Structure formats: C-alpha cells, structure tokens
Amino acid sequence: MSASDTIFALSSGSLPAGIAVVRISGEAAPSILQAMIGRLPEVRHAELALLRDWDGSMLDQALVFRFAEGASFTGEPLVELHCHGGSAVVQAVLNAVAAHPGTRPADAGEFTRRAFINGKMDLTAAEGVADLISAETEAQRRLALTSASGAQEALYSGWRAALIEARALIEADLDFADEADVPGSVAEQVWDRVRDIKVSVETHLAGARTGEIIRQGFRVALVGAPNAGKSSLLNALAKRNVAIVSPVAGTTRDVIEVALDLNGLKVIVSDTAGLRETDDVVERLGVERSYEALAAADLVLHLHPAGWTHPSLEAPNAVAIASKADLDASGKGGAHRISTVTGEGLDELVQLLGEQVQSRASGAGQVLPVRSRQVHHIENCAAALQRALRDGMPLELCAEELRQAADALGCVTGAIGVEDLLDHIFSRFCIGK
Ligand SMILES: Nc1nc2c(c(=O)[nH]1)N(C=O)[C@@H](CNc1ccc(C(=O)N[C@@H](CCC(=O)O)C(=O)O)cc1)CN2
Ligand SMILES: Nc1nc2c(ncn2[C@@H]2O[C@H](COP(=O)(O)OP(=O)(O)OP(=O)(O)O)[C@@H](O)[C@H]2O)c(=O)[nH]1
Ligand SMILES: [Mg+2]
C-alpha cells in the first residue's frame, strides 16, 4: 500500500440507489477516464458518456467529471463517475477501474486523508467532515459544518500566529535588552495581547461540554423505585415498545438507551433498574448500572408514584416526577405529574426536556471544541498561557511557554506532530470519504 497509488471507491451510499458516485483519485485517474470513455473531457465539465471496459464492452451510461491536480477535493487529479446505482453496474465499474495498473480500493477516510496531507484542509476540518457525515440532528449538522468549513482552523491559526509573533517580540527584547534603541516597553502591548488570547482560549474551552452535548447527545436518566413506571415512560418518549413493562417489581435489569431528536438536539434517554436493596445477584448488578447511569446523566428524572412522599435522591441535577397520576386523586406532585396511561403531563415533560437541553446546548452556530482530542490540546495551550503570564516569570521561560502554547494549537489543527494520529483519525471515516 502506498500514498502514490491511485485509489478508488464507491463514495455514495448503499445500493441500489438512483445514482452511485465512484471516485478515483491519483495520478492514473485521468488516463483511466480516457480509457473508459475514449476522450478526456474539460475539467469540471459534466459530460454524458458511455463507460466501456478494456475490451470495449459497455458498462454503463454515466455522467463523468474530472478535476485537475491542485484543484480537487484531494488535491490530486480526480475523476468522478456518476453511474446508475445498481449493484451490478457499480460492481462492473469498480472491477474495470481495478483492472488498471497502479490502482487499489481506498481505505476508510483515505480521500479526506489525502486532502489533509495535500493541505486542502486541516485536521479540525477533516474531523468536521466526518461529523457532517454522521450528523443526525440539526445541531450536529450545524456544529460539524462550522468545523468542516474551516472556522475552527481560522480561530486556532489566528491565535497561534499571534502567539508566535508575541514570542518573537519577547525574544527580540531579550536579545537587544542592553541596546538603547529597543525599549523594554515593547513587551507591554505584547502582554496585553497574550492576556486577551488567554481569555479567549478559556472562554472557548468553557464551551467544550456544550460541543460534547451537541455531538454525543444530552444524557437523561430515568431512575426511581422498582415499578415506578420508568420503562413505561421510556416507551412513551420513544413512541415504541423498547423496554419490557410488567407489574413485577425489578423487571428492568440492564440500562436501555434510546436516542431522541428534541428540537434538533440529540437526547439519549436511559431507562434503568429500579433502585432498591436486593438479594438477587442479577438485579443487584442492574442497580449498580443504574447508579452509573445516574452519575453520567446531564439530567435525572426521578420517578415516584404520585400521592406518595417523594424519597430524596442525592443528585444535584434531579427533577422529581410524580408518576401514575391517573391512580392518584390527591393532586400532589405539582408541576411534574405524569401518566403514561392517560398521557397527562407527557407533553409538558417533553417541553421541560427540550428547555433543559436547549439551555445546555445553545450555540451550535458558534465555534466550539468538539472532541476530546481537541480539548486536550487546547487545555495544554491554556495551561501554558497561564504559566507564561505568572508574575516574576523570567522572560526566557515566558518565551518558552508561549512556544508551547502555540505548539498546542498547532497540534489541534495538525500543523505539528500528528503523524501517528492519522491512522486513528481517518480509519473512523467510512470508505469512499
Ligand atoms: N460530486 C461531489 N459532490 C460533493 C463532494 C464531492 O467530492 N463530489 N464533496 C466532497 O466532500 C462535498 C463538497 N466538497 C468539496 C470540496 C472541495 C472540492 C474541490 O474541488 N476543491 C478544490 C477547488 C475549490 C474551488 O473550486 O473553490 C480545491 O480545494 O482546490 C470539491 C468538493 C459534497 N459534495
Ligand atoms: N395506572 C398506571 N399504571 C402505570 C403507569 N405507568 C406504568 N404503569 C404500570 O406500572 C407497572 C410497572 O411499570 P414499569 O414501567 O415496568 O415500571 P419500572 O419503573 O420500569 O419498573 P422496574 O423496571 O421494575 O424498575 C406496569 O404494570 C405498568 O403498566 C401509569 O402511568 N399509570
Ligand atoms: Mg423497568
């Protein structure tokens, strides 16, 4: 396997489909197109052509494009064959391409990896492309598009350039400290600039949890005593029978998760085993998992039958829900009385969830750190800036901290030291991207 191979793959989705796009990238791409249609079309011009195999037999009637080296998605000479989306058609076209020397099927993410290596995008944009492909909610789509379109890169490169300049000025100050014509006060504006960047980096980092909630989902745990109606509520929220419901206390043992889309935001609701002391070994393991789900939740819905005194639960993010309201005439349980039998209070509960997620995940149009890989380096940057600005820090050491802060940002965008990371990042893409 080599980076100079010409790679190909079906880049569109599962077959059969109306149209299937076969992408070919690398040096041999133009000659393959020439061989298949008997001519070389103008770049970026859609042309209708008969695709032929090496022996002249027809493969398909297709719309074909060619992109020139330096002006394509990958930066390499690139060809797209927009075929009919039948599986036999695509198989025949892929076989015909594979018969050309120097070609091989692309690995997962390899087109985007080449785009990164050829400077067409930075790592945050490549990660954004991957997220754009897996986006299922509006908020995920908007957040991914901010990264994919280069807004994250612009932010980090801007800070990095400013930090590199600050360091250069400080080192100049150091080098010429004895000379009268370079005043020591040059550094004062430099420090102001570094302080501004530190504040911006910290503000940006504060959005990391928001980015994570948008990308991974807002976690809601349904907890409470056995038989409180947790699984019934999960089914009502999911609008299908995901979890087993029965009058037997201790029915649910495993955590059951359902992903919902609430106003364009991903919410993961976890049904859990009822909390109680038990001699049943399996149920006890289930209860342990309930506590894990509770600890991992952004919001806990603590269910207890209406009319009964609500037991306390040590969770700062818990909301008390009075369940089975249809069985209770006392009216106790106030705002959050629900019944999965009559439907009472369910719309209000969904609205409450929607508001809670919204308040934690607003700002999908902003640039946010989205992955732990990014957060890790940005935290290193913030820590180095913190050290650089410490009182009484010798100038040499400040300059060194500024170098580290700038390098940390370089790691986020992939400008520095990521060789060993590339396999990890791009192998998570799908084939054809
Ligand atoms: N048919 C098709 N549709 C597609 C893609 C594709 O590769 N092929 N894309 C794939 O993800 C997305 C669009 N992204 C693209 C990004 C850059 C270039 C490109 O040719 N870039 C050149 C020229 C830029 C320009 O003309 O402004 C370059 O960056 O040099 C093409 C598609 C979504 N739709
Ligand atoms: N009348 C009435 N019965 C309900 C309601 N919700 C659930 N039930 C009944 O209460 C019983 C227990 O419901 P589940 O949803 O299985 O309760 P759970 O909290 O998941 O119970 P465990 O999994 O054992 O912890 C079942 O017989 C349900 O039909 C409700 O709103 N009204
Ligand atoms: Mg249950």
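Going by the annotation in an unreviewed UniProt entry, the name recorded for the protein chain is tRNA modification GTPase MnmE, with Tianweitania sediminis given as the source organism. Taken verbatim from the UniProt record of the protein chain, the Sequence similarities (unreviewed entry) comment is "Belongs to the TRAFAC class TrmE-Era-EngA-EngB-Septin-like GTPase superfamily. TrmE GTPase family." The Subunit (unreviewed entry) comment attached to the protein chain in UniProt states, word for word, "Homodimer. Heterotetramer of two MnmE and two MnmG subunits."

1. Observations regarding the overall build of the protein chain
Each helix and strand in the protein chain was counted, giving 14 helices and 11 strands. Compactness check: the protein chain gives a C-alpha radius of gyration of 29 Å against a globular reference of 22 Å for 433 residues, more than 25% above the reference. Principal-axis analysis of the C-alpha atoms places the extent of the protein chain at approximately 80 × 80 × 35 Å. In the protein chain, which comprises 433 residues, the proportion classed as buried is 41%. Considering only intrachain contacts with a sequence separation of at least 6, the fraction spanning at least 24 residues in the protein chain is 61%.

2. What to know about the site of ligand 2
Taken together, 23 residues form the shell around ligand 2, and within it Gly229, Ser231, Ser232, Thr252 and Gly274 come nearest. Broken down by element, the shell around ligand 2 gets its largest block of residues, three residues, from helix α9 (residues 230-238). Among the residues forming the shell around ligand 2, the class breakdown is eight nonpolar, 12 polar and three charged.

3. Observations concerning the site of ligand 1
Taken together, Val21, Phe67, Ala71, Ser72, Phe73, Glu80 and Lys120 make up the full set of residues near ligand 1. In terms of residue class, the shell around ligand 1 is made up of four nonpolar, one polar and two charged.

4. Some thoughts on the domain arrangement of the protein chain
Structurally, the protein chain comprises domain 1 (6-106), domain 2 (125-207 + 371-426) and domain 3 (214-360). Placing a centre on the C-alpha atoms of domain 1 and another on those of domain 3 gives a separation of 52 Å.

5. Considerations on the UniProt feature "binding site: (6S)-5-formyl-5,6,7,8-tetrahydrofolate" (unreviewed entry) in the protein chain
Per the UniProt record, the feature "binding site: (6S)-5-formyl-5,6,7,8-tetrahydrofolate" (unreviewed entry) sits at Arg23, Glu80, Lys120 and Lys433. Residue class for arginine 23 comes out buried when judged on the 23 C-beta atoms lying within 10 Å of it. Leaving out residues up to four positions away in the same chain, arginine 23 has contacts with Phe8, Ala9, Ser11, Leu78, Glu80, Phe111 and Gly432. C-beta crowding within 10 Å serves as the criterion here: with 22 such atoms nearby, lysine 433 is assigned to the buried category. When sequence neighbours within four positions are dropped, the list of residues in contact with lysine 433 reads Ser11, Gly109, Phe111, Thr112, Val129 and Ile133.

6. Things to note about the environment of serine 147
By the secondary structure assignment, serine 147 is in helix α5 (residues 138-148). Serine 147 sits in the buried class, given 29 other C-beta atoms within 10 Å. Separated by 46 residues in sequence, serine 147 and arginine 193 have C-alpha atoms that sit 25 Å apart. Those residues in contact with serine 147 that sit more than four places away from it in its chain are Thr124, Ala125, Glu127, Gly128, Asp131, Gln152 and Val370.

7. Things to note about the sheet that holds strand β1 (residues 6-10)
Overall, mixed pairing links the six strands, which are arranged β3-β4-β5-β2-β1-β6 in an open sheet. At either margin of the open sheet sits one strand with a lone partner, and together these are β3 (47-52) and β6 (103-105). Averaged over all pairs of adjacent strands, the angle between strand axes in this sheet comes to 30°, irrespective of strand direction. Pairing geometry for β1 and strand β2 (residues 17-25), over four bridges, is antiparallel. Paired with leucine 10 across the strands is valine 22, a residue of β2.

8. Regarding unusual backbone geometry
Backbone torsion omega between leucine 15 and proline 16 reads -5°, so that peptide bond is classified as cis. Checked against the element boundaries, proline 16 lands in the loop between β1 and β2. Even without a glycine there, the phi angle at lysine 239 is positive, about 60°. Position of lysine 239 relative to the elements: it lies in the loop between α9 and β8 (256-262).

What counts and how
The numbering scheme is per chain: residues are counted from 1 as the chain's sequence reads. Note on labels: chains are lettered from A, ligands numbered from 1, in written order. Predicted model: local features are reported for residues with pLDDT of at least 70 only, side-chain atom pairs are reported and counted for 80 or more only, and whole-chain, interface and lining totals are derived from all residues. UniProt positions are given in the numbering used here, feature names are shortened, and annotations may be inferred rather than shown by experiment. A run of H or I in DSSP counts as a helix once it spans at least four residues, and a run of E counts as a strand once it spans at least two, with each numbered from the N terminus. Note that the radius of gyration is over C-alpha atoms, with the globule rule given as 2.2 Å times the number of residues to the power 0.38. The exposure label follows from counting other C-beta atoms within 10 Å of a residue's C-beta, where the C-beta atoms are placed from the backbone and the thresholds are 20 or more for buried and 12 or fewer for exposed, leaving partly exposed in between. Our contact criterion uses C-beta atoms placed from the backbone: two residues qualify when those atoms are within 7 Å. As used in this record, a residue near a molecule or strand is one whose C-beta atom, placed from the backbone, is within 6 Å of it. In this classification, Asp, Glu, Lys and Arg are treated as charged, Ala, Val, Leu, Ile, Met, Phe, Trp, Tyr, Cys and Pro as nonpolar, and every other residue, Gly included, as polar. Where each domain begins and ends follows an automated or database-derived domain assignment. The criterion for strand pairing is that DSSP finds at least two bridges linking the strands in question. A fitted line through C-alpha atoms serves as each axis, taken over the contacting stretch for helices, and the angle formed by two N-to-C directions is quoted from 0 to 180°.

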